[in-house]
Amino acid sequence: MYSALLSELPPDIILKDEEMKRHTTFRIGGPADIMIMPQTIEDIQKAVEICCQNEIPYYIIGQGSNLLVMDKGIRGVVIKLGKNFKKVDINQNMIQAEAGIRLSELSKLAARHSLSGLEFAEGIPGSLGGAVTMNAGAYNGEIKNVVFSVEALSEKGEILHFNSDECKFSYRHSIFQENGCTVLRCQLQLTPGKQDEIRQTMREFARRRKERQPIEYPSAGSVFKRPDGLYVGPMIEKMGLKGYRIGGAEISAKHAGFIVNRGNATARDVLDLITHIQNTARERFNVELQPEIRIIGEQ
Ligand SMILES: Cc1cc2nc3c(=O)[nH]c(=O)nc-3n(C[C@H](O)[C@H](O)[C@H](O)COP(=O)(O)OP(=O)(O)OC[C@H]3O[C@@H](n4cnc5c(N)ncnc54)[C@H](O)[C@@H]3O)c2cc1C
């Protein structure tokens, strides 16, 4: 099944039976049959082309900070955009950056250039590509507010350009969750600001995160999307589930909107907790909670 990939791609970018727990912030997930760590856009193009020709499922990841990968892992190919896709170019208030750069790095860089608009992103542990795909946001900021355009690779291997409207951003959603495109590069439009004010805002957001979020344990951030007009954490608290555990997974005792891995949690433990929360929310409050985290792989 994978012979074309193995023969046509450089061997040093291919990992076989790679444990996904090494690539997710949850530290959970069984092996992916094949993981590709592309070094160039051509590597990604080639990998996507071979997968499409051979009907091999493939999945793009960044920092794996919004993923629950199931325990039996992934039958197919994972393409990880990481350290080889971190180039950044700053021209006045425009930043052109590759998808693999970490958001935290990018927001620090923007601050160094006295550019405002990415303060919210400092504590989000994902890549730019993941943030655009998920329309990541915090503290009244969202990536959609600064995206000017996106360059992406289609499943057919074409390089496409999307302006901000064409990205169809909405709450934790973008067109890239639907069109199968790989985000390669983004142009961000920031606003000139005062460096000390930008840094002060970032410090304040970091302080709030440390105080309120269980960043000391592996997690994938907020598990559920926020239903209109409701806050998930306090709702789960009202259900009496704060600190509730299944196996090694726990509804965080610090912030009930997070599930944390307290050591050797399985994906099944996390999924069972998610189902338990959803059932209780339905019974108690007549609310359907939708996961924000992406659940992938074989159960
Ligand atoms: C402690 C903690 C705090 C967090 N706080 C926040 C927060 O405040 N706000 C928030 O919005 N999120 C938050 N998150 C969630 C997560 O960091 C964001 O969703 C982040 O943007 C995901 O980026 P990633 O690179 O890790 O994506 P991944 O988890 O690797 O992937 C997420 C999705 O994006 C897709 N994807 C990734 N890269 C690409 C690409 N280049 N092209 C196409 N598709 C791609 C994947 O296929 C997947 O569907 C938090 C997570 C943690 C662990």
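Residues numbered from 1 in each chain as written. Predicted model: local features only at pLDDT ≥ 70, side-chain atom pairs only at ≥ 80, totals over all residues.

A. Looking closely at the site of the ligand. Taken together, 32 residues form the shell around the ligand, and within it Gly62, Gly126, Gly129, Gly130 and Gly221 come nearest. Those elements that place two or more of their residues in the shell around the ligand are strand E3 (58-61), helix H4 (128-134), strand E9 (137-138), strand E13 (182-189) and strand E15 (219-222). Residue contributions to the shell around the ligand peak at five residues, all from H4. Of the residues contributing to the shell around the ligand, the split by class is 16 nonpolar, 15 polar and one charged. (Near = placed C-beta within 6 Å. Helix = DSSP H or I, 4+ residues; strand = E, 2+ residues; numbered from the N terminus. Nonpolar A, V, L, I, M, F, W, Y, C, P; charged D, E, K, R; others polar.)

B. Region of the structure containing the environment of Met134. Within the secondary structure layout, Met134 lies in helix H4. Here Met134 falls in the buried class, since 24 other C-beta atoms lie within 10 Å of it. Separated by 37 residues in sequence, Met134 and Tyr171 place their C-alpha atoms 8.3 Å apart. Apart from residues no more than four positions distant in its own chain, Met134 is found in contact with Asn66 and Arg172. (Buried ≥ 20, exposed ≤ 12 C-beta atoms within 10 Å, placed from the backbone. Contact = placed C-beta atoms within 7 Å.)

C. Quick peek at the environment of Gln39. With respect to the secondary-structure elements, Gln39 resides in the loop between strand E2 (31-36) and helix H2 (41-53). For Gln39, a count of 14 C-beta atoms within 10 Å gives the class partly exposed. Note: C-alpha distance between Gln39 and Asn140 (101 residues apart in sequence) is 35 Å.

D. Representation of the sheet that holds strand E6 (residues 88-91) in the model. Read from one edge of the open sheet, five strands run E6-E7-E13-E11-E12, paired in antiparallel fashion. Two strands bound the open sheet, and with one partner strand each, they are E6 and strand E12 (159-163). Taking each pair of neighbouring strands and ignoring which way they run, the sheet shows an average axis angle of 15°. Relative to E12, strand E11 (residues 147-153) is paired through five bridges, and the arrangement is antiparallel. Within the sheet, the bridge partner assigned to Ser149 lies in E12 and is Asn163. (Pairing = 2+ DSSP bridges. Axes fitted to C-alpha atoms, helices over the stretch in contact; angles between N-to-C directions.)

E. Molecular detail of the sheet that holds strand E16 (residues 245-246). Strand order in the open sheet made by the four strands is E15-E18-E17-E16, with antiparallel pairing throughout. Every interior strand has two partners, whereas the edge strands, E15 and E16, have only one. Inspection of the sheet shows strand E17 (residues 249-251) paired to strand E18 (residues 258-261) by three bridges, in the antiparallel sense. For Ala249, the partnering residue across the bridge sits in E18 and is Asn261. Sitting on the sheet, helix H7 (residues 267-285) is in contact with E16, E17 and E18, with an inclination near 25° to E17.

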